[in-house]
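# An overview of the molecular structure
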Amino acid sequence: MNYHKFETVIVGAGGAGLMAALYASRGAQTAVISKLYPTRSHTGAAQGGIGAALGNMEEDHPEWHAFDTVKGSDYLADQDAVELMTAMAPEIVFELEHMGLPFDRTPEGKIAQRRFGGHTNNRTGKPVMRACHAADRTGHMILQTLYQQCIKNNVTFFDEFQVMDLLINEVEGRVVGVVAYEIATGELHVFHAKSVLFATGGWGRVWEVTSNAATLTGDGAAIAFRRGIPLEDMEFFQFHPTGIYKLGILITEGVRGEGGVLINNEGERFMNRYAPTVKDLASRDVVSRAIYLEIRAGRGINGQNYVYLDVRPETVNKYFAEDGVQGPDGKPKQVTAEYLLKKLPDIIDFCKTYLGIDPMQEPMPVQPTAHYAMGGIPTNIYGEVVIDEQNTVLPGFYAAGETACVSVHGANRLGTNSLLDIVVFGKLAGQRMAEFARANDWAPLPQETWEPTQAMLDRIRNSRGKERAARLREELRRLMMDNVGVFRTEALLNDALTKIRELKERYQHIAIDDKGKTFNQDLIEAWEVANLLDIAEVTTVSALARRESRGAHYREDYPQRDDEQWLKHTLAYRQPDGCIQLRYKPVVITKWQPKERVY
Ligand SMILES: Cc1cc2nc3c(=O)[nH]c(=O)nc-3n(C[C@H](O)[C@H](O)[C@H](O)COP(=O)(O)OP(=O)(O)OC[C@H]3O[C@@H](n4cnc5c(N)ncnc54)[C@H](O)[C@@H]3O)c2cc1C
């Protein structure tokens, strides 16, 4: 058995984990455990930008950013957390800049900004330029910058170690460590810690068409859930409107921010009808539903399940003129292919590679793609995990980033707000963990540490069943796409739940072919499928109970938002018998009473 001792242990090396590690390491010995080499984390795939009301291009205010976020969340976000995040946004963007992040610049040398869905001038309701970006590689730059800073600060990294369990000292009611599987050797490692942070990212792989990397299987959320920690607002999962047709690969909203428009088979820019003020830059839930409604009405391209995203310069310039969009000189704004190539190099490259299409010459075929988890492990603004309606803290346990639910995104996240969320709450959590390490002594490990994980892995290794995990995974992903996607009904959700439970039963009879110890991907993926199944079940149970439509959760049988009954967060608990219990906690409202949401 391999034993390690660090004051703070951070699981996950995306933006949230690295920012937390950077700050924790200033006051405590810190280790980061990551199943991926750190710079391969999904944060590196983020394209469009990070939101901050710098006002570099036009008038803007953190308070406008806060209101847009609350409205975008369909009033489910906790407003104290939103106000804090948007107020901290400018300073944290400058902090990243000072660490060396190469943002795009204006001719005067300020950080350049562009428009993004749901971000508006609060007086006119028109889109505002708030997204700070480094071409369409913003997340890549954030990840590289933070990784370098962590190395400089002597953070210890355990790369390609997969955490499989959370260790709780039940007597003291404290989280005291994790168990990790070393991918290269198949050995288990026990990490003893004063505190643990989960920053394990999202779980888009629950759905068939997704923008998420293959590793986003919700490990952290599933581990916590199995240890009795609730998951919050799991029914809210965002579909991004513009994934490449069939592949799901993301085409950043930055394309529409730079002037791209959505077009149906009649050549119509249909968002005019659904969101007359902000049009193609409405919130993602609104645009994704609009695309599906067009497809249902027979206006998909060639009668298929996709529409066009058109960013050809002549199209962009035509609609800029129609919308009265002005450049800095007050004249109608105009773009050239050369300019777009500089702003969207990777997108143009993806399209050439995966579709054989040059977006400067032809429109791109797009469909909504499963993208972002609004729900997750409940935390307060310091990243401390809270486990009930009274927000009682579970000492020693922290979560940040996509796997956490603060909640700043409520029922629907605005673009650019996740990169902001991960650095803001990663930082606050890291600072808190360093303080916790100073103020608290070590608590002993529980009696059993690695044994349950070993037993679980042995069960998978030695089983002689007929089922294959990969098969179950593909069935699950198709089911979730059809039944628990953009549109939901009681019948679809009930059917999904029955089938998920059948899949869970069949999972008991899986077998794997690779019985070895080194780089046993077969074994790891089989374990990950168990996580997908648990996450799918909680999502469906939470969605079935919520009889209203809000943000990304759209119930065709209950199409209205119902604030009287449902202005509250869901908390889903796994009971010792495996059943799921739902409880609810109030939404924090500071300034903005719920209003009808129109764009
Ligand atoms: C294609 C794409 C484009 C996006 N563009 C934008 C954008 O422009 N702006 C924006 O604001 N947001 C964007 N997002 C969303 C945003 O990038 C993510 O929500 C955010 O980066 C998540 O960061 P994270 O640190 O929480 O997790 P991630 O970056 O996903 O990192 C997760 C980490 O956890 C580790 N991990 C997971 N499970 C385990 C385990 N069991 N054991 C050990 N380690 C584990 C992984 O190795 C990894 O290091 C985009 C997302 C995608 C998919």
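These lines cover the structure that appears in this document, whether it is placed above or below. (Residues numbered from 1 in each chain as written. Predicted model: local features only at pLDDT ≥ 70, side-chain atom pairs only at ≥ 80, totals over all residues. Heavy atoms only, no water.)

## Digging into the site of the ligand
The line we're drawing: Proximity is defined per residue: if any heavy atom of the residue lies within 4 Å of a molecule or strand, that residue is considered near it. Counting of polar contacts relies on pairs of N or O atoms within 3.5 Å, with two restrictions inside protein: one atom must be capable of donating a hydrogen and the other of accepting it, and residues adjacent in sequence are counted only when both atoms are side-chain atoms. In these tables, accessible area is a Shrake-Rupley quantity obtained with a 1.4 Å probe, and a residue counts as shielded only by the protein chains included in the view. Only DSSP runs of H or I with at least four residues qualify as helices, and only runs of E with at least two residues qualify as strands; both kinds are numbered from the N terminus onward.
In the vicinity of the ligand, 39 residues are found, and the nearest of them are Ser-41, His-42, Thr-43, Glu-402 and Ser-418. The separation between an oxygen atom of the ligand and a polar main-chain atom of Ala-13 is 2.8 Å. Between the ligand and Gly-48, the relevant distance is 2.7 Å, taken from an oxygen atom to a main-chain nitrogen or oxygen of the residue. Protein chains shield 98% of the accessible area of the ligand, which is 1000 Å² for the free molecule. Secondary-structure elements contributing two or more residues to the shell around the ligand are helix H1 (15–24), strand E2 (30–34), strand E7 (161–169), strand E14 (364–373) and helix H12 (417–439). It is H12 that provides the largest number of residues to the shell around the ligand, a total of 4 residues.

## Regarding the pairing of E14
Using the following cut-off: Three labels apply to residues, based on accessible area from a 1.4 Å probe with only protein chains included: buried if under 20% of the type maximum, exposed if over 50%, partly exposed otherwise in between. For two strands to be treated as a pair, DSSP must find no fewer than two bridges joining them.
For E14, a buried count of 10 out of 10 residues is recorded, marking the element as mostly surrounded by other parts of the structure. Strand direction decides the pairing type here: strand E11 (residues 237–244) and E14, joined by 6 bridges, are antiparallel. From the neighbouring strand, Gln-238 faces E14, where its bridge partner is Tyr-372.

## Concerning the packing of helix H14 (residues 469–483) against helix H15 (residues 490–507)
When two helices pack together, you describe them by how their axes are tilted relative to each other and by the distance separating the axes. Selection criterion: Angular values range over 0 to 180 degrees, each being the angle between N-to-C directions of two axes fitted as lines to C-alpha atoms, with helices fitted over their stretch in contact. Should an angle fall under 35 degrees it is called roughly parallel, over 145 degrees roughly antiparallel, and 65 to 115 degrees roughly perpendicular, with every other angle called oblique. Any two residues whose heavy atoms approach within 4.5 Å at even a single point are treated as in contact. The residue classification treats Ala, Val, Leu, Ile, Met, Phe, Trp, Tyr, Cys and Pro as nonpolar and Asp, Glu, Lys and Arg as charged. All others, Gly included, are polar.
Two elements in contact, H14 and H15, have axes whose closest approach is 10 Å; the angle formed by their N-to-C orientations is 170 degrees. One way to sum up the angle between H14 and H15 is to call them roughly antiparallel. Contact with H14, carried on its side by Arg-471, Leu-472, Glu-475, Leu-476, Leu-479, Met-480, Asp-482 and Asn-483, involves Leu-492, Leu-493, Asp-495, Ala-496, Lys-499, Ile-500, Leu-503, Arg-506 and Tyr-507 of H15 and no other residues of that element. By residue class, the composition of the contact of H14 with H15 is 10 nonpolar, 1 polar and 6 charged.

## Notes on the sheet that holds strand E10 (residues 231–232)
Across the sheet, which stays open at both edges, the 3 strands sit in the order E10-E19-E20 with antiparallel pairing between neighbours. Two strands bound the open sheet, and with one partner strand each, they are E10 and strand E20 (580–586). Strand direction decides the pairing type here: E10 and strand E19 (residues 568–574), joined by 2 bridges, are antiparallel. Bridged to Leu-231 within E19 is Ala-572. Packed onto the sheet, helix H5 (residues 219–226) meets E10, E19 and E20 and runs at close to 65 degrees relative to E19. Along the sheet face, helix H16 (residues 521–545) touches E10, E19 and E20 and points at about 60 degrees away from the line of E20.

## Regarding the pairing of E19
By the criterion of burial, E19 is predominantly enclosed, with 5 of the 7 residues buried. Where E19 meets E20, 7 bridges bridge the pair, whose relative direction is antiparallel. Each residue of the ladder has a partner; that of His-569, found in E20, is Lys-585. In textbook terms, the turn of a hairpin is the stretch between consecutive antiparallel strands, and for E19 and E20 this stretch comprises 5 residues, one of which, Gly-578, has a positive phi near 95 degrees.

## A look at empty space enclosed by the protein
Just so we agree on the cut-off: A pocket, in this scheme, is an open set of points on a 1 Å grid over the protein atoms alone with protein on both sides within 12 Å along at least 5 of 7 lines, while a cavity is a set where a 1.4 Å probe fits but cannot get out; residues line either one if an atom lies within 4 Å of a point. Grid points are joined across faces, edges and corners, and a volume is the space filled by probe spheres set on the points.
Counted by the stated rule, this structure contains 2 cavities of 30 Å³ or more. One number sums up the size of the largest cavity: a volume of about 70 Å³. Lining of the largest cavity is provided by Phe-237, Gln-238, Phe-239, Asp-285, Ser-288, Arg-289, Asn-412, Val-486, Ala-552 and Tyr-554. For the lining of the largest cavity, the secondary-structure elements that each account for two or more residues are E11 and helix H8 (284–296).

## What to know about helix H9 (residues 313–323)
Those residues of H9 lying buried are Pro-313, Thr-315, Val-316, Asn-317, Tyr-319 and Phe-320. Buried-residue contacts for H9 involve strand E4 (113–120), strand E12 (261–263), strand E13 (307–310) and helix H10 (337–343). Gly-324 lies just past H9 and shows a positive phi near 70 degrees.

## Topic: the sheet that holds strand E5 (residues 127–132)
Spatially, E3-E5-E4 is the arrangement adopted by the 3 strands of the open sheet, whose pairing is antiparallel. Looking at the sheet topology across the chains shown, the edges are occupied by strand E3 (50–51) and E4. When E3 meets E5, the two strands line up antiparallel, connected through 2 bridges. From the neighbouring strand, Ile-50 faces E5, where its bridge partner is Cys-132.

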